[in-house]
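Overview (structure and organization)
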Amino acid sequence: EPEVTQTPSHQVTQMGQEVILRCVPISNHLYFYWYRQILGQKVEFLVSFYNNEISEKSEIFDDQFSVERPDGSNFTLKIRSTKLEDSAMYFCASAPGQTTNSPLHFGNGTRLTVT
Amino acid sequence: KDQVFQPSTVASSEGAVVEIFCNHSVSNAYNFFWYLHFPGCAPRLLVKGSKPSQQGRYNMTYERFSSSLLILQVREADAAVYYCAACYGQNFVFGPGTRLSVLP
């Protein structure tokens, strides 16, 4: 069964550094998402992406964050200047989208640790 | 504000039927999605829809603004976090998750 893949599984970075989290969504999916989960807290929506542009974003997704689909297969989340509070598990998800309410398929996540 | 509500914890005995309740205030949402999440793994879709439905041991009840996930014949391996999400179009609002503990 096709799956969403995320790399790396664990990323350690220093505060103030830029980090790029990578995702390869399922190939025929049209909608792409990033969620994060701070340790011990709930899964939080960051951003959704459709037709090469952001379709919705949360209050968390400020100017430090950006997303890109550079080559038609990868979907990346960039954090420009990481803060300690950005430490979390980041989940990428994709959805087929050919019909409404098509389900999200999640990757295994990237654990980001900011020191 | 669009919100989804779930109990933070539920406990059950092995072999029992456990119910996890969810309700929301998302005015445009007509569909529920129930996900299972083991730490370190991808959240996995269990059951979804805008009507009562069943997938294996997982049953979903449906009302306009509420749903319950029922897990039949609960096992120790079912101990995990269960997320309810309300969906409109392709927008998902997740609840805070319910941690299920299973007593032997």
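The structure this text deals with has already been given above.
Every value quoted in this text rests on a predicted model; they were computed, and no experiment measured them. (Residues numbered from 1 in each chain as written. Chains lettered and ligands numbered in written order. Predicted model: local features only at pLDDT ≥ 70, side-chain atom pairs only at ≥ 80, totals over all residues. Heavy atoms only, no water.)

Observations concerning the overall build of chain A
The line we're drawing: Elements are defined by DSSP. Helices are runs of H or I of four residues or more, strands are runs of E of two residues or more, and each kind is numbered from the N terminus. This radius of gyration counts C-alpha atoms alone. The globule rule is 2.2 Å times how many residues there are, raised to the power 0.38. Each residue is assigned to one of three classes by its accessible area relative to the maximum for its type, calculated with a 1.4 Å probe on protein chains only: buried under 20%, partly exposed between the two thresholds, exposed over 50%. Residue exposure ignores everything except the shown protein chains as possible cover, and the areas themselves are Shrake-Rupley values with a 1.4 Å probe. Within this scheme the basic residues Lys and Arg register as positive and the acidic residues Asp and Glu register as negative, but His and the chain ends are omitted. Here the site of a charge means NZ on Lys, CZ on Arg, CG on Asp, or CD on Glu.
When you go through chain A residue by residue, the secondary structure sums to zero helices and 11 strands. For a compact globule of 115 residues, the expected C-alpha radius of gyration is about 13 Å, and chain A comes in at 13 Å, within 12% of that figure. Over its C-alpha atoms, taken along the principal directions, chain A stretches across nearly 40 × 30 × 30 Å. Taking all 115 residues of chain A together, the buried fraction comes to 49%. Surface exposure of chain A reaches about 5,900 Å², of which carbon and sulfur atoms provide 45%. Side chains of chain A give 9 positive and 13 negative charges; the mean places of these two sets differ by 3 Å.

Some words on the sheet that holds strand E8 (residues 66-71) of chain B
Residue and element names in this part refer to chain B. This is how the line gets drawn: Pairing between strands is defined by DSSP: at least two bridges between them are needed.
The five strands are arranged E1-E3-E8-E7-E6 in an open sheet whose pairing can be described as antiparallel. Whereas interior strands pair on both sides, the edge strands pair on one side only; in this sheet they are strand E1 (4-5) and strand E6 (53-55). With three bridges connecting them, E6 and strand E7 (residues 58-60) associate as antiparallel partners. When the sheet's bridge partners are listed, Gln-55 is paired in E7 with Tyr-58.

A word on the environment of Arg64(B)
Residues and elements named next belong to chain B. Our working definition: The contact rule is simple, with two residues in contact once any of their heavy atoms fall within 4.5 Å. Two N or O atoms form a polar contact when they lie within 3.5 Å of each other; inside protein one atom must be a possible hydrogen donor and the other a possible acceptor, and for residues adjacent in sequence the pair counts only when both atoms belong to side chains.
Along the chain, Arg-64 turns up in the loop between E7 and E8. Residue Arg-64 is classed as partly exposed on the basis of its relative accessible area, which comes to 26%. Expressed as a C-alpha distance, the spacing of Arg-64 and Ala-11, which sit 53 residues apart in the sequence, is 26 Å. Beyond its immediate stretch of four places on either side in the chain, Arg-64 contacts His-24, Val-26, Ser-27, Ala-29, Tyr-30 and Phe-32. Within polar-contact distance, the side chain of Arg-64 engages the backbone oxygen of Ser-27 at 2.8 Å. In this structure the side chain of Arg-64 is engaged in a polar contact, spanning 2.5 Å, whose partner is the backbone oxygen of Ala-29.

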